[in-house]
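Structural description and commentary
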Amino acid sequence: RPHFGRTVTSDSLGQFAFSDVPDGQYALGFFHPVLDSLGLDPLTRAVTIDSQRSVRANLGVPSRERLRVAICGPTTPENSGALVIGVVRNARDRSPVAGVTVSGEWSELSLGKGGWTRRTPRRLSTTKENGWYAICNAPNPGTMVLMARRGADSTDFVDVQVPAGGFLRHE
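1. As for the sheet that holds strand E12 (residues 167-169)
- Sheet architecture is open: 3 strands sit in the order E8-E3-E12, paired in mixed fashion. The sheet terminates laterally at strand E8 (132-138) and E12, the two strands that pair on one side only. Strand-to-strand twist of the sheet, defined as the mean angle between neighbouring strand axes without regard to direction, takes the value 15 degrees.
- Two strands pair when backbone bridges link them, and strand E3 (residues 82-87) and E8 are joined in this way by 6 bridges, in the antiparallel orientation. Note on E8: the bridge partner recorded for Val87 is Trp132.
- Where helix H2 (residues 64-72) meets the sheet, it contacts E3, E8 and E12, and its direction lies at approximately 100 degrees from that of E8.

2. Remarks on the side chain of Ser103
- Position of Ser103 relative to the elements: it lies in strand E4 (residues 101-105).
- Residue classification places Ser103 among the buried positions, given a relative accessible area of 8%.
- Ser103 has contacts with Arg122, Arg123, Leu124, Ile135, Val145, Leu146 and Met147, leaving out every residue within four places of it along the chain.

3. Overview of the environment of Val34
- With respect to the helices and strands, the residue Val34 is situated in helix H1 (residues 33-38).
- Among the residues examined, Val34 registers a relative accessible area of 33% and is labelled partly exposed.

4. Here's the deal with unusual backbone geometry
- In this chain, Asn140 is followed by Pro141 through a cis amide linkage whose omega measures -15 degrees.
- Among the structural elements, Pro141 can be located in the loop between E8 and strand E9 (142-150).
- For Arg94, which is not glycine, the phi torsion reads 65 degrees and is therefore positive.
- Relative to the helices and strands, Arg94 resides in the loop between E3 and E4.
- Phi angles above zero are rare outside glycine, and Asn137 is one such case at about 60 degrees.
- Note on placement: Asn137 falls in strand E8.

5. Brief notes about the confidence of the model for the protein chain
- Overall, the prediction assigns the protein chain a mean pLDDT of 89, with 98% of residues at 70 or greater.
- Element-level mean pLDDT values for the protein chain span from 74 in H1 up to 98 in E4.

Conventions and cut-offs
- Residues numbered from 1 in each chain as written.
- Predicted model: local features only at pLDDT ≥ 70, side-chain atom pairs only at ≥ 80, totals over all residues.
- Heavy atoms only, no water.
- Pairing = 2+ DSSP bridges.
- Helix = DSSP H or I, 4+ residues; strand = E, 2+ residues; numbered from the N terminus.
- Axes fitted to C-alpha atoms, helices over the stretch in contact; angles between N-to-C directions.
- Contact = heavy atoms within 4.5 Å.
- Buried < 20%, exposed > 50% of the residue type's maximum accessible area, 1.4 Å probe, protein only.
- pLDDT = per-residue confidence, 0-100.

Here it is, written out as structure tokens:
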């Protein structure tokens, strides 16, 4: 079977069409700057063309909640915080850096029978080949401190504000 591949650009409404596609099974996906900024590979879905009949396929970027569930797991009382994602880059040439430990910390105060209690939760993530990291269950909303470290190299502490809605992208 000959190789078939084609690219089209969607219109201002996001509509697209391919013509003269041979029968067979295909992977259909799209490229978009939002996916790049999230550090996600193009999302694909299987499409079967049979007798050259038209096929309707809806594509889209997942919602924040779907991304959080896909990356952090289902929402539970213990797993309901924010998602912080980003890419760690080399300071010299801005290339993505793999194998970096990204830590996120914040302070929590609670009032109980014995008075005030302070806790400092900490979450860790290691960057992938493309420099991408994800920290689950961050404060929602709240202020936290991020730091990246690999070997003797590290960033300074970076204060970030996680917005209500529980999703933040930070490089």
